[in-house]
Amino acid sequence: MMRTILLTYLLVFFGLICSAQSSLNRSHVELNLGLGRRAFVNSKEAQLRGMASLNYVYKINNVFYLKSGLDVNYWDHKFDGNFSGPGYQLIATSYEHFAYAWFFGGEIAMNRVIFQGGAASYLYFKHFPDDYLIQTFGRKVNYYTKIGFKYLITKNLNAGFFLKAHSYEADYMDFGLGYKF
Amino acid sequence: MRWKFLFFLLLFISVKSTILFAQSTKRDFISTELGFGSMLIPENPKLLNDFISSIDLSYARSMQNKNDEWIKKLHVSYQLATLTYMNQKDLDGMLDTSANAFGDVYMFTYSLMINILGKQKNHLYLIPGWGVAYDTKTFYEDYKNIYIGSHFNYAIRLESMFTSEISSKLLLMTGIKYMHYSNGSFILPNRGINSVSYKIGLAYQFTK
């Protein structure tokens, strides 16, 4: 139900923004798809992680940009109650394959190289209970940060990476492509 | 909460000497910094007893004659390529549980020297950088090293530096540098190494 509401909202929100692009030459909508590797606890094995992001990017000038949008987080292995299994990811452990978050951040464009950073607040993330998180890790898991770079291959296509982290605990490093509409 | 963060923070207090082989406001220059530091972990009963040595070798390319819009808007004075060597064999880690478990670190970072304040003799710079670090000893070579799980890591450095021109050839510099390296949970354990150092030094211009 929650997922359906979010997807509906996503389609309506960005549909409206896309339709308004003809009069908003300063800004654009960008879709990013990326994958990364997240290690199992105390093992060299790892699981696949990923993220799809759809952001509205507001151009302040040719160097500074603000961006906001929806992040869809992906876990290849969800937690099944086994702390020795592949689904246990410390504070980033998820009981489901997908989690959703609203991102707000900025970009600094240095010709073709763009620095990107910001934070996202989870809208839906089935994680460990808050009491357990506070007792075990000393904090809740309501938000995450992203920081990284991307490179403009063409005017519309870019390749880049970012580090996703819950506070000071790194989650995974995401490598992917982005397309500017 | 703050103490838990500091739990992982290795604080180096170092005095650094800087030699600039050639420097002027609009010229490229090479610099080297020798670091003699000490580790501080709040929970460690033996504070400031782990001496660390490091050396930075930087090539700084002047950006002040460039007309790119981002250079002007960000007030970038120089871009720096820095090679860093850190000797961590004397680090003992939290409560000395990681004694003799750390290796040597070779780091390469690319940084931008951003002029935040100052136009004439005094300048305040912010120097953010990103790069890669190679650690010679990991958890899989020594299980006491619970901080680093892989040889190759990414590196972040963030430095603030104040410079004051004492004379036309002599420059006083002081600042704080934060450095971090870890692998983004590519391989666990991945607590990473965090260091904060204070530096003070003199730069002498050999050429006109």
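Residues numbered from 1 in each chain as written. Chains lettered and ligands numbered in written order. Predicted model: local features only at pLDDT ≥ 70, side-chain atom pairs only at ≥ 80, totals over all residues. Heavy atoms only, no water.

### Observations regarding the interface of chain B and chain A
Taken residue by residue, the interface counts 21 residues in chain B and 28 residues in chain A. A combined buried area of about 2,100 Å² lies between chain B and chain A, and 71% of that area is made up of carbon and sulfur atoms. Taken as a group, Trp70, Trp130 and Leu188 of chain B account for 27% of the area that chain B buries against chain A, more than any other trio of residues on that side. Where chain B touches chain A, the interface holds 0 salt bridges. Elements supplying a minimum of two residues to the side of chain B that touches chain A: helix H1 (2–7) and helix H2 (69–74) of chain B. (Contact = heavy atoms within 4.5 Å. Buried area = accessible area lost by both parts, 1.4 Å probe. Salt bridge = Lys/Arg side-chain N within 4 Å of Asp/Glu carboxyl O. Helix = DSSP H or I, 4+ residues; strand = E, 2+ residues; numbered from the N terminus.)

### A short note on the layout of surface pockets
In this structure, the largest pocket encloses a volume near 1,500 Å³. Leu163 of chain A together with Tyr154, Ile156, His180 and Ser182 of chain B are the residues nearest the centre of the largest pocket, which is lined by 50 residues in total. Residues that form the lining of the largest pocket fall into these classes: 32 nonpolar, 12 polar and 6 charged. (1 Å grid on protein atoms, 1.4 Å probe; cavity = no way out; pocket = protein on both sides within 12 Å on 5 of 7 lines; lining within 4 Å. Points joined across faces, edges and corners; volume = space filled by probe spheres on them. Nonpolar A, V, L, I, M, F, W, Y, C, P; charged D, E, K, R; others polar.)

### Notes on the pattern of salt bridges
Here the structure, examined in full by the defined rule, presents 12 salt bridges over all chains. Put simply, Lys164 of chain A and Asp171 of chain A hold a salt bridge, and the shortest N to O gap is 3.0 Å. Grouping residues by exposure puts Lys164 of chain A and Asp171 of chain A together as buried. Across the pair Lys73 of chain B and Glu69 of chain B runs a salt bridge, and its minimum N-O distance is 2.8 Å. Here the residue Lys73 of chain B and the residue Glu69 of chain B both occupy positions in helix H2, the gap between them amounting to 4 residues, near one helical turn. (Buried < 20%, exposed > 50% of the residue type's maximum accessible area, 1.4 Å probe, protein only.)

### Considerations on the side chain of Ser150 of chain B
All names here are of chain B. By the element assignment, Ser150 lies in the loop between strand E7 (122–135) and strand E8 (152–165). The exposure class of Ser150 is buried, given its relative accessible area of 9%. Looking at Ser150, its side chain comes within polar contact range of the main-chain oxygen of Phe152, at 2.9 Å. (Polar contact = N/O pair within 3.5 Å; in protein donor to acceptor, adjacent residues only side chain to side chain.)

### Focus: the pairing of strand E3 (residues 64–75) of chain A
All names here are of chain A. Taken across its 12 residues, E3 has 9 buried, putting it largely inside the fold. Examined bridge by bridge, E3 and strand E4 (residues 98–110) share 11 bridges and lie antiparallel to one another. Bridge assignment links Phe64 to a residue of E4, and that residue is Ile108. (Pairing = 2+ DSSP bridges.)

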